[in-house]
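# Coordinate analysis (summary)
Take a look at the letters that make up each chain.
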Amino acid sequence: MRITVVGAGYVGLTTAVCFAHLGNEVMVVEKVQKKVELLKDGRVPFYEPGLEDLLVENLRKGRISFTTQLSEGVEFSDLIFICVGTPQNPDGSADLSQVEEVAKETAKLMNSYKLLVEKSTVPVNTHKLIKRTVERYLKIRGKSMEFDVASNPEFLREGSAVQDFLYPDRIVIGVESQRSREILQELYKDFTCPIIFTDPATSELIKHASNSFLAMKISYINMVADLCEKVGADVRLVAEAMGYDKRIGREFLRAGIGWGGSCFPKDIKAFIRMAEDQGVDFSLLKEVDKINTRRAQQFVDKVKSVIWSLRGKSLAIWGLSFKPNTDDIREAPSLKIIPLLLKEGAFLKLYDPKAMDNFKALYPPGKDLTYAEDMYDAVKDASALLILTEWREFEEADLKKVKELMELPIIVDGRNIYDPKKVRELGIEYYGIGVLNL
Ligand code: UDX
């Protein structure tokens, strides 16, 4: 099929490249010229495993093209995926101006039937606003043309985006007409997972409800972790045993320094706000968010209780990205923890396998903050090592070497990547989250 994808961020680019990989012809509309040039050259502007290889392959096969002009995209196909950003407004709601812009411009340009599909996460009933906008702009053109708006939320995770797109747990499609249902049915016909057809409002809600639920699971286990620490229990075993219950499930029960990223923090606030606009006080989610906000200070307090004063102490930091396998630092716990440590007067040496450049743009190297060559360089002469992201590289680190390089062999692990017993056997003082801290 011919598909137009508007927006070449994580969701848009993955969607476009994967649809091309599945044999479709895809045109991507991205307004940032520099990005388009990179992409035409087969280079992905962010780190996402496997995506660049697939992009290069599909460029070679001529199945994917890029343009800055929406008019080209509108002409190219009847099926237009809206994958533009929906950033957060100061009041927590979603800024939908980019979505509106696509609706408006499409209506000004279209000369035949179009199906506009929302893939970006949007508040419930955004489809109605898109529809109204298209209708208004068609009217002032004096045209009455058929079009549909559908919702097809994307559930991919950064770091495993390609895999998640190609092998989803489910596909959700919210449609209002038989015509749009048939187009999307055809597009997804080779997928073997359940496909749930709903009305657009239900589909829009499913996305927000899913993300908020996952964030709630993490905040829940983080509270259990706090309790475990107090009573000398082990949250890893609590989570494992809970997870075997199929009603609970094993995923998203890893306790740590809290959830971050481009989705959870923004989506949960937008969901709370949207509920409020409808007169529903989603107080449960407000608490979920509050619990998460507290994690950074709690972690710093833990570091202080272990080390005593942080003034003038050299600390090694492993991990800056909000999760492994990505260079994304948006709303990463590191962005909250590092300023708190600096305020305490600590000297920090940072290392991350992929996210250092992004971090440097916000925190250039200086007197109290430097960047390491590699993970071992970071721990040289450090009074403690703090782990903020669970990169595999760290899990596989030679801890004997780490111990020898440090001034004091102390690890405060914000992601519980090691077995406390094994680390302590090496003569390293080890402190995790929700584990027995001796
Ligand atoms: C999330 C959703 O999973 C995805 O379906 C949606 O499309 C976009 O938002 P993503 O933001 O890429 O994906 O990351 P995810 O793997 O969900 O992790 C989010 C945050 O939760 C990370 O900061 C991660 O470290 C944290 N997390 C996750 C935990 O602290 N514990 C867990 O058990 C799982």
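Residues numbered from 1 in each chain as written. Predicted model: local features only at pLDDT ≥ 70, side-chain atom pairs only at ≥ 80, totals over all residues. Heavy atoms only, no water.

Looking now at the packing of helix H5 (residues 97–109) against helix H6 (residues 126–140). The geometry of H5 relative to H6 is characterised by a closest axis approach of 8 Å and an angle of 35° between their N-to-C directions. When the axes of H5 and H6 are compared, the crossing they make is right-handed. Contacts between H5 and H6 involve Val99, Glu100, Ala103, Lys104, Ala107 and Lys108 on the former and, on the latter, Thr126, Ile130, Thr133, Val134, Tyr137 and Leu138. (Axes fitted to C-alpha atoms, helices over the stretch in contact; angles between N-to-C directions. Helix = DSSP H or I, 4+ residues; strand = E, 2+ residues; numbered from the N terminus. Left-handed = near helix turned anticlockwise from the far one by under 90°. Contact = heavy atoms within 4.5 Å.)

The next thing to look at is unusual backbone geometry. Of note, the phi angle at asparagine 125 is positive, near 75°, even though the residue is not glycine. Take asparagine 125: it is sitting in the loop between strand S5 (114–118) and H6. One non-glycine residue, tryptophan 308, lies in positive phi territory at about 85°. With respect to the helices and strands, tryptophan 308 occurs in the loop between helix H12 (283–307) and strand S9 (314–318). Relative accessible area serves as the criterion here: at 74%, tryptophan 308 is assigned to the exposed category. (Buried < 20%, exposed > 50% of the residue type's maximum accessible area, 1.4 Å probe, protein only.)

Turning to the sheet that holds strand S14 (residues 429–431), a few remarks are in order. Pairing is parallel across the open sheet formed by six strands, whose spatial order is S11-S10-S9-S12-S13-S14. Two strands in the sheet have a free side with no partner beyond their single neighbour: strand S11 (369–371) and S14. Neighbour-to-neighbour, the strand axes of the sheet open up by a mean angle of 20°, direction not taken into account. Pairing analysis gives five bridges linking S9 to strand S10 (residues 347–351), with the strands arranged parallel. Its bridge partner lying in S10, alanine 316 is registered against lysine 349. Along the sheet face, H12 touches S9, strand S12 (384–387), strand S13 (410–413) and S14 and points at about 165° away from the line of S13. Across the sheet, helix H13 (residues 333–343) is in contact with S9, S10, S11 and S12; its angle to S10 comes to roughly 155°. (Pairing = 2+ DSSP bridges.)

The alternating pattern of S12 places Ala384 and Leu386 and Leu385 and Ile387 on opposite faces, both of which are buried. Pairing geometry for S9 and S12, over four bridges, is parallel. Bridging from a neighbouring strand, tryptophan 318 pairs with isoleucine 387 of S12.

For the coordinates displayed, the defined rule picks out twelve aromatic pairs. Plain terms: the ring middles of tyrosine 351 and phenylalanine 394 are 6.2 Å apart, the flat faces sit at 65° to each other, and that makes the pair edge-to-face. Of the two residues, tyrosine 351 is situated in strand S10 and phenylalanine 394 in helix H16 (residues 392–395); the sequence distance between them amounts to 43 residues. Assessed through its relative accessible area of 8%, tyrosine 351 is described here as buried. Through successive ring pairs, a cluster of aromatic residues spans Phe19, Phe81, Phe165, Tyr188 and Phe191. When the ring centre of phenylalanine 197 is taken as origin, the NZ or CZ atom of arginine 181, which lies over that ring, is 4.1 Å away. Over the face of the ring belonging to tyrosine 376 we find lysine 401, whose NZ or CZ atom lies 4.0 Å from the ring centre. (Phe/Tyr/Trp six-rings, centres within 6.5 Å; stacked < 30°, edge-to-face > 60°. Lys NZ or Arg CZ within 6 Å of the ring centre and 35° of its normal.)

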